[in-house]
Amino acid sequence: MKSMFSNKSNVTGIGMTSERTRRRLIEQVREMGVTDQRVLDVMLALPRHLYIDEALANRAYDNISLPIGFGQTISQPYIVGLMTQTLFNKPRAKVLEIGTGCGYQTSVLAPFCDEIISVERILKLHRRARDLLYDLGIRNIKFRHGDGFAGMKEHAPYDGILAAAVSENIPDELIEQLAVGGRIVMPLGRGNQQVLIVVDKTASGIKQSEIEAVRFVPRLAGLS
Ligand code: SAH
């Protein structure tokens, strides 16, 4: 696995108290069911406060989603961990991420794969995440502005696809652009009727299973 931060304390710029606060968050994430130690280690190293507005920084290590502007949110750490461990049940070299947001989930995925194509529908969020991850030294990401639910054919097939906004259906394009052996992790449903699902593509077809009830922001329409 690639290491993102050569000197953690330099990148984060925060001291011992925050180290303790972060460890407490990771402990909560573990207790809720994220047992993959690789995922927990990556999350422990990530300075989540840098992905959100300074005014909210004191809540950065709470296990909650927080606003990032434009009616969107940074995902809850537990959910980020759960989706990451579910996607990387085995190595997956190329991943499509739908809904870059602030880039936090992108950053947790980054050490696990060779390349991520991360698509965001809101131009300002796309630009902000692209610049932040560049500053953090995370380089294996291709950031794209557009409708991620249409997939991104020019980079397909994908070994993994992860969506951070809820859709009422699984778009055919995503199934088509998934490699055989590939896996999709995404919320399915609407409003307060959503479930996190896993779709595995095998030589003989599609296998779908449910993980647990979740709450995500709705999918936005494509560029018109
Ligand atoms: N994991 C992200 C979650 C952001 S919330 C984070 O931690 O920051 C979901 C994101 O999906 C939002 O930024 C929203 O703008 C984006 N989104 C919604 N519909 C989309 C679509 N059709 N294509 C690409 N991104 C979309």
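See above for the structure.
Residues numbered from 1 in each chain as written. Predicted model: local features only at pLDDT ≥ 70, side-chain atom pairs only at ≥ 80, totals over all residues. Heavy atoms only, no water.

Undergrad: Explain the overall build of the protein chain to me, please; I cannot follow it from the model alone.
TA: Scanning the protein chain from N- to C-terminus turns up seven helices and nine strands. By the compact-globule yardstick of 17 Å for 224 residues, the protein chain fits well, its C-alpha radius of gyration being 16 Å. Taken over 224 residues, the protein chain has a buried fraction of 52%. If you take every contact in the protein chain between residues at least 6 apart in sequence, the share linking residues at least 24 apart comes to 56%. Of the roughly 10,800 Å² of accessible surface on the protein chain, 49% is carried by carbon and sulfur atoms. The averaged location of the 24 negative side-chain charges in the protein chain is 2 Å from the averaged location of its 28 positive side-chain charges. (Helix = DSSP H or I, 4+ residues; strand = E, 2+ residues; numbered from the N terminus. Rg over C-alpha atoms; globule rule 2.2 N^0.38 Å. Buried < 20%, exposed > 50% of the residue type's maximum accessible area, 1.4 Å probe, protein only. Contact = heavy atoms within 4.5 Å. Areas by Shrake-Rupley, 256 points an atom, 1.4 Å probe, with all protein chains shown as cover. Lys, Arg positive; Asp, Glu negative; His and termini not counted. Charge placed at Lys NZ, Arg CZ, Asp CG, Glu CD.)

Undergrad: Sorry, what's going on with the environment of L82 here?
TA: One can find L82 in helix α4 (residues 77-87). What makes L82 buried here is its relative accessible area of 6%. Separated by 27 residues in sequence, L82 and L109 place their C-alpha atoms 11 Å apart. L82 has contacts with V34, L196, I211 and E212, leaving out every residue within four places of it along the chain.

Undergrad: Would you mind showing me how to read the site of the ligand here?
TA: The immediate surroundings of the ligand are formed by 24 residues, with C102, E120, D147, G148 and L220 found nearest. The separation between a nitrogen atom of the ligand and a polar main-chain atom of L220 is 2.8 Å. Coverage of the ligand by the protein amounts to 100% of the 570 Å² it exposes when considered alone. Contributions of two or more residues to the shell around the ligand are made by β2 (72-74), α5 (104-109) and β4 (115-120). (Near = heavy atom within 4 Å. Polar contact = N/O pair within 3.5 Å; in protein donor to acceptor, adjacent residues only side chain to side chain.)

In short, the description is geometric, and any link to function would need to be established separately.
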